[in-house]
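Residue-level structural notes
One letter stands for each residue in the lines below.
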Amino acid sequence: MNFVFISPHFPHTYWQFCQRLSQNGVTVLAIADVPYEHLQPELKQSLTEYYRVGSLENYEEVYRGVAYFAYRHGRIDWIESNNEYWLEQDARLRTDFNVATGIQSSSISSIKEKKEMKKHYLESGIPTARQTLASNGIEAVSKFAAEVGYPIIAKPDVGVGASGTYKINSRAELADFYVKEPRANQYVVEEFITGEICSYDAVIDSKGEPLFEAMTVWPPSIMDIVNLKLDLSYYVDKEMPEPLRQLGRRTVKAFGVVSRFVHLEFFRLDSERPGLGDIGDFVALEVNMRPAGGYTPDMINYAHSADVYKVWADMVAFDELRTEEGKPYYCAFASRRDIYRYRHSHNEVRNRYSGQLMMCERMPELFSAAMGQQMYTVRLNTMDEVQEFIYYVHAKQ
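Residues numbered from 1 in each chain as written. Predicted model: local features only at pLDDT ≥ 70, side-chain atom pairs only at ≥ 80, totals over all residues. Heavy atoms only, no water.

**As for the sheet that holds strand E11 (residues 233-236)**
Convention followed: In this description, strands pair whenever DSSP reports at least two bridges between them. Per the convention used, a helix needs a DSSP run of H or I reaching at least four residues, while a strand needs a run of E reaching at least two, with both numbered from the N terminus. The angle between two axes is taken between their N-to-C directions and runs from 0 to 180 degrees, where each axis is a line fitted to C-alpha atoms and a helix contributes only its stretch in contact.
A sheet is described by the order of its strands in space; here 8 strands give the open sequence E13-E12-E9-E10-E11-E14-E16-E15, paired in antiparallel fashion. Here the strands that pair on one side only, and so sit at the sheet edges, are strand E13 (282-288) and strand E15 (357-362). Across the sheet, the mean angle separating the axes of adjacent strands is 20 degrees when strand polarity is ignored. Bridge analysis of E15 against strand E16 (residues 374-380) gives 5 bridges, and the strand direction is antiparallel. Bridge pairing links Arg362 to Gln374 in E16.

Quick look at the structure:
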């Protein structure tokens, strides 16, 4: 099996995807835009061959890299980055090289465009926030706001996280949005829903069945964390509520997901929402056809005493689960921003949680707006311990 992995050096833990593939006998061929000598030793050891491009943004360069590998090693069986940023390019490469093991260009819109996601939810009867298009004009959106109530949320039809998102509280703010946002016609507008964001993280086989499932609980508003420069915390739960499990599996079927690592986001309502559900019910937010961002795959491993890198690689190579989970834990993440002064020093945090600290790193600049500059990740036994840890890390002077 010939597997072309796009940008395997970022995030830096992604070398583990390549290593597990290599351990399964897969020929791992990598394309990236950094010098070979800058790759981590573990990544180098996992690669059969490496092709450097001047820029991964240059499709023709990346295309030539895949063509070179096909010439050298024969037919390409997989092309994948496991990275949201490259999903569209991955799909184009698969289509151009007739690689059937993944999303094609013809279907990429259903997982990249929020307006297309909404159609799949509605067709499958999965509860989701009501939506309209900003391109319908201010009068139509104002009418929509009168139906669902202010505030409303405007966000790019294609985009990840909170970047470029607006919370609109009145007709005046809506008018201001149309004046200030030059890409307004590329936005969708949705009713505002409050609650925790709970993700269904899973590795799906070629039949659309889950080989592994986990639940991650995120703060209610990443948008506020980015815009107001708040501290971030989130955690992987010990177990998953059955309603979320069933809704996650229904969503996988609704989008025709096969042979992928997925990160599907849902609101857990904190108040009754007519037409959507009661307190505690789950409502679909959006789909992401790749692993959760940052170091969340590692957190899932710590929480479930598992190896999702191997689960994924076994799906690719064998289309079956060949590992077992161990003892369950909570795995919690809390980060700090350099602009604040905290009550407890860096060394105090490390010493207090020395027996439970799984990761302690400076965050890459790309992640810092949402995730801060310094992160701590711990493995704990109870929810009380999780809350105590978050409070300890985030307490200010």
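**Remarks on the sheet that holds strand E8 (residues 187-191)**
Heads up, the rule is: Between two residues, a contact is recorded if the distance between any of their heavy atoms is within 4.5 Å.
With antiparallel pairing, 4 strands are arranged side by side in an open sheet as E5-E8-E6-E7. Each of the sheet's edge strands pairs with one partner strand only, and the pair in question is strand E5 (131-133) and strand E7 (166-168). Averaged over neighbouring strand pairs, the angle between their axes works out to 25 degrees when direction is ignored. Alignment of E5 against E8, held across 3 bridges, turns out to be antiparallel. The partner of Gln131 across the bridge, within E8, is Glu190. The sheet strands contacting helix H7 (residues 138-148) are E5, strand E6 (152-156) and E8, and the helix crosses E8 at an angle near 20 degrees.

**Structural notes on helix H12 (residues 308-318)**
What counts, and what does not: Categorising residues by exposure relies on relative accessible area from a 1.4 Å probe, with only protein chains included: less than 20% of the type maximum marks a residue as buried, more than 50% marks it as exposed, and the intermediate range marks it as partly exposed. Whenever a nitrogen or oxygen atom comes within 3.5 Å of another N or O atom, the pair is scored as a polar contact, on the condition that within protein one atom can donate a hydrogen and the other can accept it, and that pairs from neighbouring residues in sequence are kept only if both atoms are in side chains.
Within H12, 8 of the 11 residues are buried, which leaves it mostly tucked inside the rest of the structure. Looking at H12, one finds that the buried residues are Val308, Tyr309, Val311, Trp312, Ala313, Asp314, Met315 and Val316. Between the side-chain oxygen of the N-cap and the backbone nitrogen of Tyr309 there are 3.2 Å, and the N-cap of H12 in question is Asp307. The first or second residue beyond H12 is Asp319, which carries a positive phi of 60 degrees.

Everything listed is a geometric property; what it means functionally is a separate question.
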